[in-house]
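The primary structure of each chain is shown beneath.
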Amino acid sequence: MPIRKFDYKYYAFRFSGIFAFLILWEVLPRLNVLDNQFIPSLSQTLMALVSIAEGGELFTHIMVSIWRALAGLIFASAISVPLGVVLSRYYPNSLNLFNPFFRLLAQVNPFSLMPVFILFFGIGEDAKIAIVTWVCLWPILFHTTTGVKTVDPILVKTALSTGASEVSILRKVIFPASLHGIFEGIRIAVEMSFFMLIAAEMIGATAGLGALLHNSAMNTQIPRMYAASATIVLLGVLLNKILIYLQKRMFFWKEEQDIFGEPQQKEEVKPFTQESYIIIAVVLAAILFVGILQVQKAAYEENNPRNKHKQHTNMIHAD
Amino acid sequence: MFKKIIEKSIVILAFLVIWETASQLEWVNPMFIPPFSKVVTTIWELFSKGQLISHISISLYRALSGFFAAIIIAVPLGFLLGGWFRKIEIVLEPVLDLFSQFNPFVLFHIILLFLGLSEATKITIITWTCIWPIMFSTIGGMKSIHPIIFKAGRCFGLNRLNIFLKIILPATAPSIFTGIRLSLGYSMFMLIAAEMMGCESGLGWLILNSQENYQIHKVFAVSVVIAIIGVLLDSVMQWIERRVIRAENIEVLNAEA
């Protein structure tokens, strides 16, 4: 691979917009152009963020949120990917019959279903994971069926003519060909899951980023609220970038387009190998494991609040 | 033609029948899932006692104001950003990427600080949520115009205004409409969320209120009403799309919606 000189000027120019935004955020509240009570400056927000991060509180919140979203996503995929593949490959007529029904269910506003879920599962982990699962089911199902339906029939016929068994055809032809669609569905599902999770946490939880945000807002601790907001936004951006990176590597033959339609690919992309899949599986398992520990820790702390923690909050308030 | 209607609705009807029997025969707790007939009668009650209409009109007012405000802001902005200034695009792209990631719930608390619990807060949130699909699809539409068409226009001696009216508008109209349809769905979505957080009227508040008073049949009734309104609005948009824009690719769009 050719060694490319790092193009400082291009990147500086490209991110100058974001720099300008950050500088404005720092300067305008200090000069009281924007009311400092309502918009704390960047440094104040960062200080609040650091104070949350001390003692591992921030880590707990982040891990709990990610764990819930991941659990919901896994449940939804486990249900809708097999369902989508089976329905669209083996029972396409049934799929046509069921489609209006699925669309109707997908149209129902998940917020209006939230009270129903809370009734069924109580205000605990189960309700939030259930809501996230419901919200993620539909995009994954629709994109899976589209992906499987658009598998080139010639590929399937070629496989059949080599005498492949049904399982082989599934594994080697259909699954890789529809993977793009499935991944697109998962991407949309991840966005929606995070979205709904914050909303669900704001309603009835004591740990997690949405709860942190809601809590700070209710106690009018403004810098803390902004710190929580910034964390949520940054986490969303990070997730998005990771998913885009994964997509580029998994489907290395496709050309990327940014929102302005210019081709993005400036360098070669390394394709995925077996090891990469194993790495992903390990990372997901680690997130689940650590997340569960954090959830238990949060539940324990809810029952036995630490006094040291209370003093900590007062100190921020006095600022 | 009848076959088509039957095909489309048979599963839904079967589902309704199962719902009704399961609830009446107490296979599921009728406190948690009231039978469909009861939901329908509840809708009728709410309707005839007049509450429902006022809630619907307030909710629609909020959603549609946010929706139209988003169109008015996002479409011109999309045109501006879509074509003329390459350097500004390079700078603005990361910023727009970042801003579009701002979760409306996050912004809700911030806007709450500024505007308090008024109509403006909810309309602002809905506007914010709706701006992004419309802006991105306008930009996408502008980018997909083949440059040869511009060159042909210049050959004909069109001035700026005419280039806009005769070339850009018709070429980007399908993409803009796709974005508009998407954001109509988002506006209904965020409407309920915004009304559930700190409000005293509207359909979202009605759901929350009914839940707090354990009137589950009302919760279901309002959910059904919301779904119906959503489907109606979408049909209106589809009708407008069919009349205003040449409908060659409507089938393709709908099959993937």
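As the structure is a computational prediction, the values presented were derived from the model and not from experiment.

Here we look at the overall build of chain A
Broken down by element type, chain A carries 13 helices and 0 strands. Burial status across chain A gives 43% buried among its 319 residues. In chain A, the share of contacts with a sequence separation of at least 24, taken over all contacts with a separation of at least 6, comes to 72%.

Observations concerning unusual backbone geometry
Of note in the backbone geometry, Thr 220 of chain A takes a positive phi value of approximately 50 degrees without being a glycine. When you line up the elements, Thr 220 of chain A lands in the loop between helix H10 (209-218) and helix H11 (222-250). Residue Tyr 214 of chain B is not a glycine yet carries a positive backbone phi of 60 degrees. Tracing the sequence through the fold places Tyr 214 of chain B in the loop between helix H9 (203-212) and helix H10 (216-244).

Here's the deal with the interface of chain B and chain A
Residue-level contacts link 54 residues of chain B with 52 residues of chain A. Here chain B meets chain A over a buried area of about 5000 Å², counting both sides, of which 79% is carbon and sulfur. Across the contact surface, chain B and chain A share 0 salt bridges. Our count for the chain B to chain A interface comes out at 0 residue pairs in polar contact (both at pLDDT 80 or more). Listed by contribution, the elements that provide at least two residues to the side of chain B that touches chain A are helix H1 (2-24), helix H4 (86-100), helix H5 (104-115), helix H6 (119-143), helix H8 (160-196), H9, H10 and helix H11 (250-256) of chain B. The greatest single-element share of the side of chain B that touches chain A, amounting to 12 residues, is contributed by H4 of chain B.

Topic: the packing of H8 of chain B against H9 of chain B
Residue and element names in this part refer to chain B. The contact between H8 and H9 brings their axes to 7 Å, and the two run at 50 degrees. Between H8 and H9, the angle is such that the two are oblique. In this structure, H8 crosses over H9, and the sense of that crossing is right-handed. Taking contact as the criterion, the partners of Ile 192, Glu 195 and Met 196 in H8 are, on H9, Leu 203, Gly 204, Trp 205, Ile 207 and Leu 208.

As for a nonpolar patch on the surface
Residues and elements named next belong to chain A. On the surface, Ile 23, Val 27, Leu 31, Val 33 and Leu 34 cluster together into a nonpolar patch covering about 450 Å² of accessible area. Here Leu 34 is to be found in the loop between helix H2 (16-30) and helix H3 (42-53). By relative accessible area, Leu 34 is classed as partly exposed at 33%.

Here we look at the packing of aromatic side chains
Residues and elements named next belong to chain A. Applying the stated criterion across every chain yields a total of 23 aromatic pairs over all chains. Seen in terms of ring centroids, Phe 102 and Trp 138 are 5.8 Å apart; in terms of plane orientation they differ by 40 degrees. Their pairing is tilted. Residue Phe 102 is located in helix H5 (residues 92-107), and its partner Trp 138 is located in helix H7 (residues 125-149); the two are separated by 36 residues in the primary sequence. As far as the burial class goes, Phe 102 and Trp 138 line up, both buried.

Reading the values: the criteria
- Every chain is numbered on its own, with residues counted from 1 as its sequence reads.
- Whichever chain is written first is A, and whichever ligand is written first is 1; the rest continue in order.
- Local features in a predicted model are, by the rule used here, given only for residues with pLDDT of at least 70; side-chain atom pairs are given and counted only at 80 or more, and totals for whole chains, interfaces and linings are based on all residues.
- Only hydrogens and water are set aside when side-chain values are computed; all heavy atoms of the structure are taken into account.
- The way it works is that DSSP assigns letters per residue, a run of H or I at least four long becomes a helix, a run of E at least two long becomes a strand, and they are numbered from the N terminus.
- The cut-offs for exposure are 20% and 50% of the maximum accessible area for each residue type, with area from a 1.4 Å probe on protein chains only; residues under the lower value are buried, those over the upper are exposed, and the others partly exposed.
- Throughout, a contact is declared for two residues whenever any of their heavy atoms are within 4.5 Å.
- Note on definitions: buried area is the accessible-area loss of two parts on being combined, 1.4 Å probe, summed for both.
- A side-chain nitrogen of Lys or Arg and a carboxyl oxygen of Asp or Glu constitute a salt bridge if their distance falls within 4 Å.
- Pairs of N or O atoms within 3.5 Å make up the polar contacts considered here, provided that, within protein, one atom can donate a hydrogen while the other can accept it, and that residues adjacent in sequence are counted only when both atoms are side-chain atoms.
- Fitting a line to C-alpha atoms yields each axis, with helices limited to the stretch in contact; the angle taken between N-to-C directions then spans 0 to 180 degrees.
- An angle below 35 degrees is treated as roughly parallel, one above 145 as roughly antiparallel, one from 65 to 115 as roughly perpendicular, and anything else as oblique.
- Should the near helix be turned anticlockwise from the far one by less than a right angle, the crossing is left-handed, and should it be turned clockwise, the crossing is right-handed.
- A patch consists of residues exposed above 30% relative accessible area that lack any salt bridge, with like charges linked at up to 9 Å and nonpolar side chains (Val, Leu, Ile, Met, Phe, Trp, Tyr) linked at up to 5 Å.
- Computed by Shrake-Rupley with a 1.4 Å probe, the accessible areas treat only the displayed protein chains as cover when residues are assessed.
- Stacked, tilted and edge-to-face are the three classes assigned to paired rings of Phe, Tyr and Trp, where Trp is represented by its six-membered ring and a pair needs centres within 6.5 Å; plane angles under 30 degrees give stacked, over 60 edge-to-face, the rest tilted.

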